[in-house]
Amino acid sequence: MIEELAAKWQAVRESALRERRGGARRRAAGAGPEQRMVFTDRLMVTLGHLRLGLPHAALAELYSVDRSTVSGAIRQVRPLLAARGFVVPDRPGVRLRSLEDLFAYADAVGVKLRIDGTEAQVRRPRAGHVVSRRRTGGQRRAGTAARLADVLAPADLGH
């Protein structure tokens, strides 16, 4: 997976740099500020966050970097993982890349889907920001966002 995603990450990164500077390189490759995390670490941080739910600050401590470095790494790698798709256990050739793929697969194999609509606590908008002015709650009202987790349940369990 590292070899597959590393080339894509490098291509996306080079494209973003080229767009930001408005053309071709003016200095040799490798010039400029050093990356604080190599791609393998970026991938591991992202997987640790997605699979284990580890906070960005905890991951930053583990890798001895700033929290914003971890947030940026996750922001860069997450779309690459999403484009890669999800593997279905016991079906090595099947990859689900979209919600439509998930629904089609569930219909084909007779699986019921359950959606977990619990709310996860999220950071509040900063003071004076446009979004925070529209809110009506006090300090005790924490910001929440609906978290959707698609869960596959075998149809024969009756869930």
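Below or above, wherever it landed, is the structure these notes cover. Keep in mind it's a predicted model, so treat the numbers as computed, not measured.

Cut-offs applied
- Residues numbered from 1 in each chain as written.
- Predicted model: local features only at pLDDT ≥ 70, side-chain atom pairs only at ≥ 80, totals over all residues.
- Heavy atoms only, no water.
- Helix = DSSP H or I, 4+ residues; strand = E, 2+ residues; numbered from the N terminus.
- Expected span 1.5 Å × (residues − 1).
- Buried < 20%, exposed > 50% of the residue type's maximum accessible area, 1.4 Å probe, protein only.
- Contact = heavy atoms within 4.5 Å.
- Salt bridge = Lys/Arg side-chain N within 4 Å of Asp/Glu carboxyl O.
- 1 Å grid on protein atoms, 1.4 Å probe; cavity = no way out; pocket = protein on both sides within 12 Å on 5 of 7 lines; lining within 4 Å.
- Points joined across faces, edges and corners; volume = space filled by probe spheres on them.
- Nonpolar A, V, L, I, M, F, W, Y, C, P; charged D, E, K, R; others polar.
- Bend = angle between axes of the 7 residues up to and from the residue.

Some remarks on helix α2 (residues 39-52)
Item 1. Helix length check: α2 (14 residues) gives 19 Å between terminal C-alpha atoms against 20 Å at 1.5 Å per residue, within 8%.
Item 2. Within α2 the residues assigned to the buried category are F39, R42, L43, V45, T46, L47 and G48.
Item 3. At its buried positions, α2 is contacted by α1 (2-21), α3 (56-63) and α4 (67-84).

Details of the pattern of salt bridges
Item 1. With the rule as written, the count across this model stands at one salt bridge.
Item 2. A salt bridge links R84 to E4, with the shortest nitrogen-to-oxygen separation between them at 3.1 Å. With a gap of 80 residues between them, R84 in helix α4 and E4 in helix α1 connect regions that are remote in the sequence.

Quick look at the layout of surface pockets
Item 1. Each pocket or cavity is described by its volume, and for the second largest pocket that value is around 790 Å³.
Item 2. Taken together, 27 residues make up the lining of the second largest pocket; nearest its centre are R13, L17, R20, P33 and Q35.
Item 3. Looking at the lining of the second largest pocket, the elements with two or more residues in it are α1 and α4.
Item 4. Examining the composition of the lining of the second largest pocket, we find that nine residues originate from one element, α1, more than from any other.
Item 5. Grouping the amino acids of the lining of the second largest pocket by side-chain chemistry returns nine nonpolar, eight polar and 10 charged.

Here's the deal with α4
Side chains of residues three or four places apart in an α-helix project in the same direction, reflecting 3.6 residues per turn.
Item 1. End to end, α4 covers 26 Å across 18 residues, agreeing with the expected 26 Å (1.5 Å per residue, within 8%).
Item 2. When the local axis directions of α4 are compared, the greatest deviation, roughly 25°, occurs at V77, which is followed within four positions by the proline P79.
Item 3. Regarding α4, the residues found buried are T69, V70, S71, G72, A73, I74, V77, L80, L81 and R84.
Item 4. In the segment just after α4, G85 is the residue with positive phi, at about 95°.

A short note on unusual backbone geometry
Item 1. Of note, S64 is a non-glycine position whose phi angle comes to about 55°, a positive value.
Item 2. Of the residues examined, S64 reaches a relative accessible area of 67% and is grouped as exposed.

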